[in-house]
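Residue-level structure breakdown
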Amino acid sequence: MRNVAIVLAGGVGSRLGIGTPKQFFKVAGKTVIEHTVEAFQRNARIDEVAIVSNPAFVGQVEEILLRNPHWTKVKRILKGGQERYDSSLSAIRAYESEAQAGEINLVFHDAVRPLVSQRIIDDVCQALEQWEAIDVTLPAVDTIIEHKDGCISHIPDRNRLQRGQTPQAFRLTLISEAYRRALQDPHFKVTDDCGVMVKYMPEVPVHLVRGEESNMKLTYPEDTYLLDKLFQLQTTEMSAGGGRAGSPEVPEQASAHRSEAALAGKVAVVFGGSYGIGKDTAEMLRKAGARTYTFSRSQNGTDVSLPGTVEKALGEVAKAEGRIDYVVNTAGVLHRQPLVSMDYAVIQNAIAVNYTGCVNIALAAYPYLKETHGKLIFFTSSSYTRGRALYSIYSSTKAAIVNLVQALAQEWESQGIKVNCINPERTKTPMRVQNFGVEPDDTLLKPEQVAAATVRTLLSDYTGQVIDVRRSAPTH
């Protein structure tokens, strides 16, 4: 039995008010529809993907498909219609002729729900082994009211209410029959495919699969900010070796053998690579077979705040190797002082190293990474989300790095360059020891844990992401 994902991308974005269909809105370095299709492309339970587009935007979908040659599961781009059900019908009609060769499950998903997790897709496909119709839902958290003439007429029991999401999945033969009956009804009006099934084939139970709050739908202008924040704050708990539901999945397949195969022969440059996270990252890359070069002020006089030394370092590597695939910058300084107590020269140096250094590295690395479709990684800090007393300069430069990463991910997407940011929890580095002294080891990440997350991110296809590296939650 084949599981075919139907990505419904027929909307025109009228409620979003951005002048372009919402599925083509960019977030975290990619269009919304790219994130969505990627989720189904990665899932082992999905055999095929079809995209249903508004006819006026089929060309844009085709362009997106061409710049993602790894989308091997995308077999069809279909034309939708004026209403949502027209898009569903287009997919149903396209696959009906194949039903005789074997049962097909259609897994309908809104293109504007780009944060659908692998867990949800897995659960839906697994449920299809037992049930013939599936909906993804969450419990209602607000009180829902019915109204008439501007007044409350009824308040349903919230414990019996669920909020519908997608995917919604069905046996092709059943959803086809449900629509056949629906189209004979002159008063036909429903908002989704489960509504068609429940109304016109009530004898078929629709099984519920648990959804996730992060599996939100991009609908209104306010949603664009929330969606961008959700992408930004996605996390991966690296010390346990796995991600949590709804988070960017820095590949678990980055095992020792897989890493060595993927990294062998690659050329990597690590700034700040003489100690701490940078040193461990360089050692892991070398162990995996990458030809790795490290630069720092203490090691070879490379000061990232000076563009000339950065250009010289990268130029030397490119001359020796003929290419550069990865550039990682772990260089940074921390001064824990009130702003008014800091010497102005110290302030200038902190900004120059922490932020301007990233700009210098980005500018110098661009021509090399453009040639190799390479990857660039910077580091931020958990303080970037909220300024803290005694960290004014440090926190603000780390926030600036996040914005830089997200902007460059979009600017350099067409060149195939992927730009990401690592956001580790408190880590036992020499810089931290200098500022905080001795702390219990079990309250800190080890540098090698953060280095492992960095290497995994280099092996991923993500861009514009903030990868939050955390210690595993304690078990009791």
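All values derive from a computational prediction rather than experimental measurement. What you see as residue numbers is a count from 1 along each chain, following the sequence as written. Local features in a predicted model are, by the rule used here, given only for residues with pLDDT of at least 70; side-chain atom pairs are given and counted only at 80 or more, and totals for whole chains, interfaces and linings are based on all residues. To get the side-chain values, all heavy atoms of the structure are used, and hydrogens and water are removed first.

**A closer look at the layout of surface pockets**
The pocket and cavity definitions rest on a 1 Å grid over protein atoms only: a 1.4 Å probe that fits but cannot leave marks a cavity, an open set with protein on both sides within 12 Å along at least five of seven lines marks a pocket, and residues lining either have an atom within 4 Å of a point. Grid points are joined across faces, edges and corners, and a volume is the space filled by probe spheres set on the points. Estimated volume of the second largest pocket: approximately 900 Å³. Forming the walls of the second largest pocket are 40 residues, and the residues nearest its centre are T330, G332, Y394, T429 and M431. A run of DSSP states H or I qualifies as a helix once it reaches four residues; a run of E qualifies as a strand once it reaches two. Both are numbered from the N-terminal end. Of all the secondary structure elements, the ones that give two or more residues to the lining of the second largest pocket are α9 (276-287), α10 (297-300), α13 (392-411) and α14 (430-436). Examining the composition of the lining of the second largest pocket, we find that six residues originate from one element, α14, more than from any other. Looking at the lining of the second largest pocket residue by residue, the classes come out as 15 nonpolar, 18 polar and seven charged. We call Asp, Glu, Lys and Arg charged. Ala, Val, Leu, Ile, Met, Phe, Trp, Tyr, Cys and Pro are nonpolar, and the rest, Gly among them, are polar.

**Topic: helix α2 (residues 58-66)**
Taken together, the buried positions of α2 are V58, V61 and I64. The arc that holds the buried residues of α2, viewed along the axis, is 120°, so those residues lie on one side. Away from its buried face, by an angle of more than 90 degrees, α2 presents the exposed residues E63 and L66. Throughout, a residue-residue contact means that at least one pair of heavy atoms, one from each residue, lies within 4.5 Å. Check the buried side of α2 and you find it contacts β3 (30-31), α1 (32-42), β4 (48-53) and β5 (74-79). For each residue, the accessible area found with a 1.4 Å probe, counting protein chains only, is set against the maximum for its type, and the residue is called buried under 20%, exposed over 50%, and partly exposed in between. In this description, one arc is meant: the one made by directions from the helix axis to the C-beta atoms.

**Let's talk about the nonpolar core**
The term nonpolar core refers to a set of buried residues drawn from Ala, Val, Leu, Ile, Met, Phe, Trp, Tyr and Cys, joined through side-chain atoms within 4.5 Å. If you look at the biggest cluster of nonpolar residues, it comprises 38 residues, and the most contacted ones within it are F271, L314, I324, V327, I361, L376 and F378. At the level of secondary structure, the elements contributing two or more residues to this core comprise β13 (267-271), α11 (307-321), α12 (344-372), β16 (375-379), α13 and β17 (418-424). At nine residues, α12 tops the list of elements feeding residues into this core. Counting residues in hydrophobic clusters, the runner-up holds 29 residues, among them I92, F108, F170 and M201.

**Re a nonpolar patch on the surface**
Together, I145, I152 and I155 make up an exposed nonpolar region whose accessible area comes to about 280 Å². Along the chain, I152 turns up in strand β9 (residues 151-154). What makes I152 exposed here is its relative accessible area of 53%. Residues enter patches when their relative accessible area tops 30% and they take part in no salt bridge; the joining distance is 9 Å for like charges and 5 Å for the nonpolar side chains Val, Leu, Ile, Met, Phe, Trp and Tyr. Residue exposure ignores everything except the shown protein chains as possible cover, and the areas themselves are Shrake-Rupley values with a 1.4 Å probe. Any Lys or Arg side-chain nitrogen located within 4 Å of an Asp or Glu carboxyl oxygen qualifies as a salt bridge.

**Overview of the state of the cysteines**
By definition, a disulfide links the sulfur atoms of two cysteine residues through a covalent bond. By disulfide we mean two sulfur atoms from cysteines, separated by a distance within 2.5 Å. Taken as a whole and assessed by the stated rule, the structure comprises zero disulfides. Not engaged in a disulfide, the cysteine C125 finds its nearest cysteine sulfur in C194; these two sulfurs lie 15 Å apart. Free cysteine: C358, not disulfide-bonded; nearest cysteine sulfur from C421 at 8.0 Å. Note on C358: relative accessible area 1%, which makes it buried.

**Quick word on the sheet that holds β4**
Two strands pair if DSSP finds at least two bridges between them. Pairing is mixed in the open sheet, where seven strands are placed in the order β5-β4-β1-β6-β10-β7-β11. At either end of the open sheet lies a strand with only one pairing partner, and these are β5 and β11 (207-210). Taking each pair of neighbouring strands and ignoring which way they run, the sheet shows an average axis angle of 25°. Looking at chain direction, β4 and β5 are connected through five bridges and run parallel. Residue pairing for β5: V52 is matched across the bridge by L78. Contacts from α1 reach β1 (2-9), β4, β5, β6 (104-110) and β10 (162-171), with the element oriented near 175° to β1. Comment: axis = line fitted to C-alpha atoms, over the contacting stretch for helices; angle = value between 0 and 180 degrees taken between N-to-C directions.

**With respect to the pattern of salt bridges**
Counting across every chain of the model gives 23 salt bridges. Linking D122 and R45 is a salt bridge whose minimum nitrogen-to-oxygen distance equals 3.7 Å. Taken together, the residues D122 in helix α4 (residues 118-127) and R45 in the loop between α1 and β4 connect sequence positions 77 residues apart. The residue D325 makes a salt bridge to R323 at a minimum N-O spacing of 2.4 Å. For R323, a relative accessible area of 35% translates into the label partly exposed.

**Notes on empty space enclosed by the protein**
Considering all chains together, one arrives at one cavity of 30 Å³ or more under this definition. Surrounding the largest cavity, V333, L334, H335, M342, A350, N354, I393 and Y394 form its lining. Those elements that place two or more of their residues in the lining of the largest cavity are α12 and α13.

**Quick look at the packing of aromatic side chains**
Centre distance within 6.5 Å is the pairing criterion for rings of Phe, Tyr and Trp, where only the six-membered ring of Trp is used; planes under 30 degrees apart are then read as stacked, over 60 as edge-to-face, and the remainder as tilted. This model, assessed by the stated rule, comprises eight aromatic pairs. Ring plane angle 65° and centroid distance 4.8 Å describe the contact between Y85 and F188, whose orientation is recorded as edge-to-face. One end of the pair, Y85, is in helix α3 (residues 84-96); the other, F188, is in the loop between α5 (172-182) and α6 (193-200), and 103 residues separate them in sequence. Taken together, the aromatic side chains of Y85, Y179, F188 and Y200 make up a single cluster linked through ring pairs. As a reminder, the over-ring test applies to NZ of lysine and CZ of arginine, requiring each to be within 6 Å of the ring centre and within 35 degrees of the ring normal. Sitting over the face of the ring of Y95, R76 holds its NZ or CZ atom 4.1 Å from the ring centroid.

**Observations regarding the environment of E62**
On the secondary structure map, E62 appears in helix α2. The exposure class assigned to E62 is partly exposed, which follows from its relative accessible area of 41%.

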